[in-house]
Every structure is written in C-alpha cells, then in structure tokens.
Amino acid sequence: MSIETIIVFALLVVAMVLFVSDRVSFDVTAVIILSSLMLTGIVTPEEGLSGFSNAATVTIGAMFVLSEGLRRTGVLRYLSSLFADVGGGNFSMTVGFMMVVIAVVSAFINNTAAVAIFIPVVIGLSNHLGVSASKLLMPLSFASMFGGVCTLIGTSTNILVSSIAESHGAEPFGMFEFTALGLIFAVVGGIYTFFVGIPMIPARRTGKDLTSDYEMQEYLTDVVLTEESPHVGETVEESALTEDLDLDILQVFRGPHEPVQRDREAPLEAGNVLRIRGGVEEIEKLLEREDIALRPARDWYDVDLEGGPDKLVEAVAAPDSALESESIGAVDFPERFGAVPLAIRRHGSLQQEQLEEVRLSGGDSVLLNIDEERASDIERDPSFVLATEVDVQPYRESRTPIAIGILVAVVLLAAFDIIPIVVSAVAGCVAMVLTGCLSTEEAYQAINWKIIFLLAGVIPLGTAMENTGAAGILSSTLIDVLGPIGPTAVLSGFFFLSMMLTNIISNQATAALLAPIALQTAATLGIDSRPLLMAITFAASLSFMTPVGYQTNTMIYGPGQYKFTDFTKVGTPLNLILWVMATFLIPWIWPF
C-alpha cells in the first residue's frame, strides 16, 4: 500500500469523523479534505478544482434557481391551497391527495423548496381536520422523497451519480430512467405510510396555541411601571430596565389593550404595563432593583402576544443554511427580522431561557414575537422555513405560466437528448431572470452554497480514491465478502451500505464516496456498473430512519415536535422493505 493510499484512507476517516461529529459544517469538512488532497499532491490543482466545474455541481445549483422561480411565481402556493378543497374535510382523502401532489412536484423541483411551502399549510390543515400535525408532516416528507427518486432532476444524488458514471465512459442517466422503479417504490411506500406509518406516528403536536406548545405560561409576565421609576420618560430602547437580565420587553400598554407602537420610540409613562419574557428568577431580580409592580399571574394565549402589529410565528432553521452553528444572539433577530425569540425547540426538548447563547442547527424551531410587517423578511430568508402561515408579499402570478413553461422546456430538452441537462438547466435559470420570474439577487440567494462546496470537495476525493487504488482496495474487500454469493448480493450490499451511510452523512457525500467503489467493483466482476450505481442512487435518497438523514426530515423535525425515535420506529421497516425490493427489482430493470 503506497503512502498516497494511506493518506487517502486517513482523510476518509477524518471526513467521516467530522461529518458524524458535526464539529464543523459539512461544507468546511469538504474544503478541508480538498485542500489536503492538493497540498499532498495526491490530486493536481486541476483535478482538485474540477468539482466546481463538474456538470453535476452546475446542474444542481441551477435546479435550486429553477425551484425558486416556481416558488416566487406562486405555483407551489396554488397547489398547496388545493389540499383542503380536494380533501373536503376527509382525513384519508386529504392525506392521499397531499402525498400525490408533493411526490409529483418533488419529481421536478428541489423537494426542500416544496416542503418549505407546504409545512405551514399542512399545520393549518391539521387544525381544520382536527388531527395532530405530526400525523401529516412525516407523510409529507416521505412523499417528497418518493417523488425525488422518480426523475433525474428530482434529487441532487441522481444528477451527481449520473455525472460520475458519464465521467467513466458510461451513458448518463436518462431523465425518466428512474421512473419505473421510482413509481413502484412510491406506491409501496405510500401504502405503507398510509396504512402502517401514520397509525404508528405519535400525536406529538397538540394543535393548541403556540404559547401552549412552547410551554410559555411560566415565562410571560406583566409588570406595571410606577411613578417612582427612573425609566419614566425613556423609550424602551433607551431604558436599562432589563440590562444584564435574561429578559425581553415584548409589548408596552398605556392602558387596557392599547399597545405602544412597536418602533419602541414612544416614551414610557407611569402606569404603563410591560409584557416581559423571562423566567421567575430573572423577574425576581428585576423586582428587587426596580420600582415596578407585579401584576397577578394569569393564563396566556397567542392572542395576548398578537396585539397591534405583533404576531407569533414559528420559524424552523433550514438544514444546511448559512446561519447553522450561529448563536441566536449573533443572528440578531430584532435587527434582522424585527423579532424577539421566545423559546426554541431542539430534538424534542424546549428551552425558554438563556437563548442568546444557543447555537442553531438544522431543524430547530424558534418561537418568535415578530412585527407582522416584517414577517415576509423571514419568509424570504433561505436560512429559515416558516411553520406558520403569514401574509407575505404577493407572488408574481402573472409570471406563473412563464415559470412553468421554462421548467417544462428544461425537462423536455434533456429528456429527448436535444441538449444535455446541464445546458438546459443553466439556460432555464437565465430565462427565469430575463422574464422577471426571479431577480438576480433572488437567484443567487436560492443556491445552497454549502451543497455546492460539499460537491466541490467530495468529487475530487472520489478521484483520489481511484488514482491511489483506495477504491480498488475497498472494492476487493466487498467482493471478498459478498462476491462468492453473486452480483445480486454485491448490489444488495451497496444498497444497504448507502442506506446506512446517508443516515449519518449527507446523501451527496454518500453517493460521491461509494460510486467510484461501485465502478471499480463492476469492472473487477466484469458486470455492468449501472445496477450498482442505481442501488447507491436510490438508497442515498430514501432515508427514513432518522430526522437527519435527509433534509426534508430535518425540516419537519421541530414543527412536528417529533422525537428521534419516532423516525426510527416508522422509517426502519420502510427502509428494510425497500432494500429487499431493490435487491430483486434493480437487476430485473437494469440487468448485469
């Protein structure tokens, strides 16, 4: 074993540790690996930087932009509005229609964009149906994954593996080459989810007020400013009333139901009632040092925090967002969104105090008291997904037919091999901007740059594995274990390995690492590589067992108030069913 091979294996171990530990974000991990490969000379600068210009990287970036064009023109909002109309108040019909719609949509656009739009609609729909939103959000996520594996552009993994196959002299995947098996998986998975999964999903989200869901009863207090207070005449911003205390002044009332303007520039007066967020100990500290009077305790409801311009919203930290690992204090919600964080839900647990130091991670749900006029700011920010329906700026509905036409053209041009998908996708992005479906700034913001840098880092790692023989060593090990049983067993092994890895590292990284090994294995066995690549592709995009295995699961984790084990209980049998099906169906559709 050469020194270069040893270095590559060492870097693989480092990458896996960093991916799993989440000490640094996955895009930084990818850049660390990339720079290490170039510094050691294992890959040339041209090979190292090839990930940025790879057709898969460019195509995936373009698909983010195309998906945003459909969102900005209101296509997705219109589809989500049909749920209640078609379901007619019947739970079974509503869920069935919802799953079909999200699956079809996710086959052609980025499924995280679709799920982001549908989350608040589904939560509102659950209240209308009188069921827990937990019963609807998990089927929403699962259906989006079923749809994503039905076409080439349905998920980034399909595009990535197709590009890797083409770079090795194989035919790229066709636009609808995945459809036959994808539809079989969607039907079987949909039946399982509907009849087995939903009954197993605990009714975690109660559907009560957000103040109850976030257990805010002990963290809201009204106090009265007395005539002796030195803060009379000061504005809220000028006042040091809550200085050095973990307290936030949410609203100021001159009298019953008369909130001061939210700009906080009106002077405080004796007799003003201040509505404050904070724990009992912090309130006691305030009472000890200030001339204020405590009002009697009471029960709190959403309406108590939504007077005047204020509104309560639930915002979910988007997976892979630019603000991941940032503290809530560093995000500066008041300045950035005109909002005050009240509580955060993470991994099934709640925190209402010491919020400033909490670092955001994908799937965290934050309860915000926000200026209603600023709600559209957070709705447009790609770092967050709103789980509460709000009135946002009008969609560009006049551009809706244009946006749909552009997407149809992108799909058809690639499907009929008129031009490569990377060309049609980039041209579609240009068309979205030129026709006014998107602004240039919106197009840039739509791209998930963390995914782009992840791809740019892991694609050269695959090249290094092949150049140094590391892929061959791993391939030989797999062949020694499963080869004697036959190629079907090898395929099954790749599916299982991909299925498990994607639950602890990203699906793109899983595909990029395993595809070179699959190609080497196929060459050694003298079989067609396509069945093995298909096994990796499908398994990497069908991750139901954990809330972190796929982005849409992460997005619903907080709003559904799930526990980690909820996904394991519902998703594990489904993954095992698909694994067995894939073992026999993939060789039938794509013979060795």
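These figures come from a predicted structure and were not determined experimentally. (Residues numbered from 1 in each chain as written. Predicted model: local features only at pLDDT ≥ 70, side-chain atom pairs only at ≥ 80, totals over all residues. Heavy atoms only, no water.)

Enquirer: Help me understand the overall build of the protein in this model?
Expert: Helices and strands together make up the secondary structure of the protein, namely 26 helices and nine strands. Relative to a compact globule of 592 residues, whose C-alpha radius of gyration would be 25 Å, the protein shows 26 Å and is just as compact. Its C-alpha atoms give the protein principal-axis dimensions of roughly 90 × 55 × 50 Å. Taking the intrachain contacts of the protein between residues at least 6 apart in sequence as the baseline, contacts between residues at least 24 apart amount to 78%. Carbon and sulfur atoms form 59% of the exposed surface of the protein, whose accessible area is close to 23,300 Å². Across the protein, the centroid of the 30 positively charged side chains sits 4 Å from that of the 65 negatively charged ones. (Helix = DSSP H or I, 4+ residues; strand = E, 2+ residues; numbered from the N terminus. Rg over C-alpha atoms; globule rule 2.2 N^0.38 Å. Contact = heavy atoms within 4.5 Å. Areas by Shrake-Rupley, 256 points an atom, 1.4 Å probe, with all protein chains shown as cover. Lys, Arg positive; Asp, Glu negative; His and termini not counted. Charge placed at Lys NZ, Arg CZ, Asp CG, Glu CD.)

Enquirer: Would you mind going over the pairing of strand β2 (residues 248-253) with me for this structure?
Expert: Counting buried positions along β2 yields five of six residues, so the element is predominantly enclosed. Sheet topology note: the β2/strand β3 (residues 273-277) ladder contains five bridges and is antiparallel. Paired with V252 across the two strands is L274, which belongs to β3. (Buried < 20%, exposed > 50% of the residue type's maximum accessible area, 1.4 Å probe, protein only. Pairing = 2+ DSSP bridges.)

Enquirer: I tried to follow the sheet that holds strand β9 (residues 384-386) on my own but got confused; where do I start?
Expert: Note on sheets: strands pair through backbone hydrogen bonds, and any given pair is parallel or antiparallel. If you walk across this open sheet you meet the five strands as β7-β6-β8-β5-β9, and the pairing is antiparallel. Of all the strands in the sheet, the pair left with one neighbour each is β7 (349-351) and β9. When strand polarity is set aside, the average angle formed by the axes of neighbouring strands in this sheet is 30°. Examined bridge by bridge, strand β6 (residues 339-346) and strand β8 (residues 365-371) share six bridges and lie antiparallel to one another. (Axes fitted to C-alpha atoms, helices over the stretch in contact; angles between N-to-C directions.)

Enquirer: It is not clear to me how the environment of V122 should be interpreted in this structure. Could you clarify?
Expert: Residue placement: V122 occurs in helix α8 (residues 111-129). Here the alpha-carbon distance between V122 and A387, two residues 265 residues apart in the chain, equals 9.0 Å. Those residues in contact with V122, other than ones at most four positions away along the chain, are F83, M98, L136, L137 and L140.

Enquirer: What exactly am I supposed to notice about a nonpolar patch on the surface here?
Expert: On the surface, V31, L49, F52, Y444, W449 and F453 cluster together to form a nonpolar patch covering roughly 580 Å² of accessible area. Here V31 shows up in helix α2 (residues 26-39). (Patch = residues over 30% accessible without salt bridge, like charges linked within 9 Å, V, L, I, M, F, W, Y side chains within 5 Å. Salt bridge = Lys/Arg side-chain N within 4 Å of Asp/Glu carboxyl O.)

Enquirer: Honestly, the packing of aromatic side chains in this entry has me stumped. Any pointers?
Expert: Think of a pair of aromatic rings as described by two things: how far the centres are apart, and how the planes are tilted against each other in angle. Inspection of the entire model under this criterion finds 15 aromatic pairs. Between Y562 and F567 the ring centres are 5.3 Å apart and the planes differ by 70°, which places this aromatic pair in the edge-to-face class. For F567, a relative accessible area of 0% corresponds to the buried category. Directly above the aromatic system of Y214 lies the positively charged group of R345, at a separation of 4.8 Å from the ring centroid. (Phe/Tyr/Trp six-rings, centres within 6.5 Å; stacked < 30°, edge-to-face > 60°. Lys NZ or Arg CZ within 6 Å of the ring centre and 35° of its normal.)

Enquirer: I keep staring at the pattern of salt bridges and nothing clicks. Help me out?
Expert: Charged atoms that come close allow side chains of opposite charge to pair. One pass over the structure, following the stated rule, counts 14 salt bridges. Between E177 and R530 there is a salt bridge, and its shortest N-O distance comes to 2.7 Å. One end of the pair, E177, is in the loop between α10 (156-167) and α11 (179-200); the other, R530, is in helix α24 (residues 530-541), and 353 residues separate them in sequence. In the salt-bridge network here, residues are joined through shared partners; they are E68, R71, R72, R396 and E442.

Enquirer: Can you help me understand the confidence of the model for the protein in this one?
Expert: Low-pLDDT stretches of the model should not have their predicted coordinates read in fine detail. Counting all residues, the mean pLDDT for the protein is 85, and 96% of those residues have values of 70 or more. When mean pLDDT is taken per element in the protein, α11 scores highest with 95 and helix α6 (residues 75-87) scores lowest with 71. (pLDDT = per-residue confidence, 0-100.)

Enquirer: What should I look at first to understand the nonpolar core in this one?
Expert: The nonpolar side chains of soluble globular proteins are, as a tendency, buried together. I119, L137, L140, F538, L542 and I586 are the most contacted members of the largest nonpolar core, which totals 139 residues. When sequence neighbours within four positions are dropped, the list of residues in contact with L140 reads M98, I102, V115, F118, I119 and V122. Judged by nonpolar contacts, the second largest core, of 20 residues, contains L355, V358, I370 and A375. (Core = buried A, V, L, I, M, F, W, Y, C linked by side-chain atoms within 4.5 Å.)

Enquirer: Help me understand the side chain of R72 in this model?
Expert: Tracing the backbone through its elements, the reader meets R72 in helix α5 (residues 55-72). R72 sits in the buried class, given a relative accessible area of 11%. R72 has contacts with R380, Y395, R396, C437, L438 and E442, leaving out every residue within four places of it along the chain.

Enquirer: Explain unusual backbone geometry to me, please; I cannot follow it from the model alone.
Expert: The residue D332 is not glycine, and still its phi comes out positive at about 60°. With respect to the secondary-structure elements, D332 resides in the loop between α14 (328-331) and α15 (333-337). By relative accessible area, D332 is classed as partly exposed at 34%. The phi angle at Q354 is positive, at roughly 50°, despite the residue not being glycine. Note that Q354 resides in the loop between β7 and β8.

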